[in-house]
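These are the residues of each chain, in order.
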Amino acid sequence: MTAPNGGSTRRVAVLGGNRIPFARSNGAYATASNQDMFTAVLDGLVARFGLEGERLGEVAGGAVLKHSHDFNLVRESVLGSRLAPETPAVDLQQACGTGLQAINYIAGKIALGQIEAGVGGGVDTTSDAPIAISERLRKKLIKLNNARTMKDRLAVLASIRPGDIGLAIPSNGEPRTGLSMGEHQALTALEWQITREAQDELAVASHQHLAASYDDGWQDDLVTPYRGLERDNNLRADSSVEKLAKLKPVFGKGAAATMTAGNSTPLTDGASAVLLSSEDWAREHGVEPLAYFVDSEVAAVDFVHGREGLLMAPAYAVPRMLARHGLTLQDFDFYEIHEAFASQVLSTLKAWEDPVFCKERLALDAPLGSIDRAKLNVKGSSLAAGHPFAATGGRIVANAAKLLAQRGEGRALISVCAAGGQGVVAILER
Ligand SMILES: CC(=O)CC(=O)SCCNC(=O)CCNC(=O)[C@H](O)C(C)(C)COP(=O)(O)OP(=O)(O)OC[C@H]1O[C@@H](n2cnc3c(N)ncnc32)[C@H](O)[C@@H]1OP(=O)(O)O
């Protein structure tokens, strides 16, 4: 038996993305659900690419934070959209790597000839974060639900004590260390001696680049207005190093206290989705591909025993992916490195320049070296746009594809760090 396409893989075209403007938590999208927002971006793609009633091969997506009733979030979003109801959908999740992994999943199916076209993306809302009840109360309520007689029911009710009534509110803490992602990253920033000034400079550049991208019409694939928003409302066009220098550190203590609300991503709500297809499908539908999704890699690090920083996995994933293609770190025209925290980007770049790190931890003969910083996050990134966890991957892939299309040729490197010590990276080219 041979594979669907005779055993060879096909090029995967990135046709374009859609996202809603990202909103700071508990603001413009406070009453929007994950499903509302993901449906909106799917319908954005339907409108842009004329997909009304079209049956796509599959839609993949996910959310880091979701309610139990959202177990079929992506399928429900498809059913709420103007895509054909016969379009299958899958939910997946890899913390902040979710969006990029969803795109990678669709790309793999297209490459193998299993589907012709599909959508990958993600959505998150910290405004509508699921709040669970305590484990003890939950168990008693299940018992109550299963009780057959009134007597049994009353007995369960009578067993409920005030101490059972508690809430489990999601936090961005790592379950195995109890530290938040910011606290973990503060330790990594200290290890790599990333200064407060360097972090603030990166944050200002992100705001300036994103502001310029709105001014020059770059963000024309946003679904707007969405709930009254025309642009990401975390963006501060007047951001400056002087203003950021005044903010108090929010993560880390002593020498590690360099991270502030200005050089960390804010809690954010939003959604994004990217349409991918085979070259044949793109041709048949009269769509010119923006770029091609070449490859992806995922790495995980042991942050639990302190062997590596929580958000350093992309530093490991990139060289593995480069080796597969005989590429160097310098062989790229654009670098899209998700700015979870300014210091995460700077620690990763410094690690790639460091001979000891590259030799001892990456087993490389020579350091990967520096990148041309003028090619980094040239249209802004998460510090300015905000970071609705699972939606970030789609924003970045769509952005990188547009950059390559505008340039006419070239290569983009994508890097997204994720909770649990994981990192997802990818290469796009045109
Ligand atoms: C999840 C994964 O898998 C991987 C990842 O990506 S890891 C990243 C995950 N994300 C996080 O961990 C989120 C981290 N962020 C947070 O927890 C919070 O946003 C935070 C603790 C950093 C800040 O929270 P906060 O204090 O409520 O912020 P906020 O009120 O907006 O800002 C504090 C002050 O700084 C100011 N400020 C913020 N950004 C600014 C900027 N760019 N310029 C000037 N001032 C700014 C605000 O105006 C505010 O000033 P006032 O107090 O005078 O109003």
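Residues numbered from 1 in each chain as written. Predicted model: local features only at pLDDT ≥ 70, side-chain atom pairs only at ≥ 80, totals over all residues. Heavy atoms only, no water.

### Describing the overall build of the protein chain
Part 1: Across its full length, the protein chain carries 14 helices and 14 strands.
Part 2: Taken against the 2.2 N^0.38 rule, which gives 22 Å for 430 residues, the C-alpha radius of gyration of the protein chain at 22 Å falls within 12% of a compact globule.
Part 3: Here the C-alpha coordinates of the protein chain stretch approximately 75 × 60 × 50 Å along the principal axes.
Part 4: Here the protein chain, with 430 residues, has 55% of them falling under the buried criterion.
Part 5: Intrachain contacts of the protein chain at a sequence separation of at least 6 include 78% that bridge at least 24 residues. (Helix = DSSP H or I, 4+ residues; strand = E, 2+ residues; numbered from the N terminus. Rg over C-alpha atoms; globule rule 2.2 N^0.38 Å. Buried < 20%, exposed > 50% of the residue type's maximum accessible area, 1.4 Å probe, protein only. Contact = heavy atoms within 4.5 Å.)

### Considering the side chain of Asn-399
Part 1: Along the chain, Asn-399 falls in helix 14 (residues 392-407).
Part 2: In terms of polar contacts, Asn-399 uses its side chain to reach the side chain of Glu-336, at 3.2 Å.
Part 3: If near-sequence neighbours (up to four positions away) are discounted, Asn-399 is found in contact with Trp-218, Glu-336, Lys-379 and Gly-380. (Polar contact = N/O pair within 3.5 Å; in protein donor to acceptor, adjacent residues only side chain to side chain.)

### Structural notes on the layout of surface pockets
Part 1: The computed volume of the largest pocket comes to approximately 580 Å³.
Part 2: Looking at the largest pocket, it is lined by 32 residues, and the ones nearest its centre are Thr-260, Ala-261, Ser-264, Thr-265 and Pro-266.
Part 3: When residues of the lining of the largest pocket are traced back to their parent elements, those giving at least two are helix 8 (241-245), strand 8 (249-251) and strand 13 (411-418).
Part 4: A breakdown of the residues in the lining of the largest pocket according to their chemical character gives 17 nonpolar, eleven polar and four charged.
Part 5: The space that makes up the second largest pocket amounts to roughly 420 Å³. (1 Å grid on protein atoms, 1.4 Å probe; cavity = no way out; pocket = protein on both sides within 12 Å on 5 of 7 lines; lining within 4 Å. Points joined across faces, edges and corners; volume = space filled by probe spheres on them. Nonpolar A, V, L, I, M, F, W, Y, C, P; charged D, E, K, R; others polar.)

### Overview of the UniProt feature "domain: Thiolase C-terminal" (unreviewed entry) in the protein chain
Part 1: According to UniProt, the "domain: Thiolase C-terminal" (unreviewed entry) feature falls on residues 288-430.
Part 2: Helix and strand shares over residues 288-430 are 36% and 21% respectively, and the end C-alpha atoms of the span are 12 Å apart. (UniProt positions renumbered as here; feature names shortened; annotations may be inferred.)

### Considerations on the site of the ligand
Part 1: The full set close to the ligand counts 26 residues, and Arg-24, Cys-96, Asn-172, His-387 and Ala-419 are the nearest of them.
Part 2: Contact distances for the ligand include 3.0 Å between an oxygen atom and a side-chain N or O atom of Arg-236.
Part 3: Contacts to the ligand include Thr-265, whose backbone N or O atom sits 2.8 Å from a nitrogen atom.
Part 4: A molecule is said to occupy a pocket when more than half its atoms come within 2 Å of that pocket's grid points, and by this definition the ligand occupies the largest pocket.
Part 5: At the level of secondary structure, the elements contributing two or more residues to the shell around the ligand comprise strand 8 and strand 13. (Near = heavy atom within 4 Å. Sits in = over half its atoms within 2 Å of the grid points.)

### Regarding the side chain of Ser-180
Part 1: Turning to its location among the elements, Ser-180 is positioned in the loop between strand 7 (167-168) and helix 6 (181-191).
Part 2: Excluding residues that lie within four positions of it along the chain, Ser-180 makes contacts with Asn-172, Gly-173 and Phe-251.

### A look at the confidence of the model for the protein chain
Part 1: Looking at the protein chain as a whole, its pLDDT mean stands at 95, while 100% of the residues score no less than 70.
Part 2: The complex model carries a pTM of 0.95, and its ipTM stands at 0.95. (pLDDT = per-residue confidence, 0-100.)

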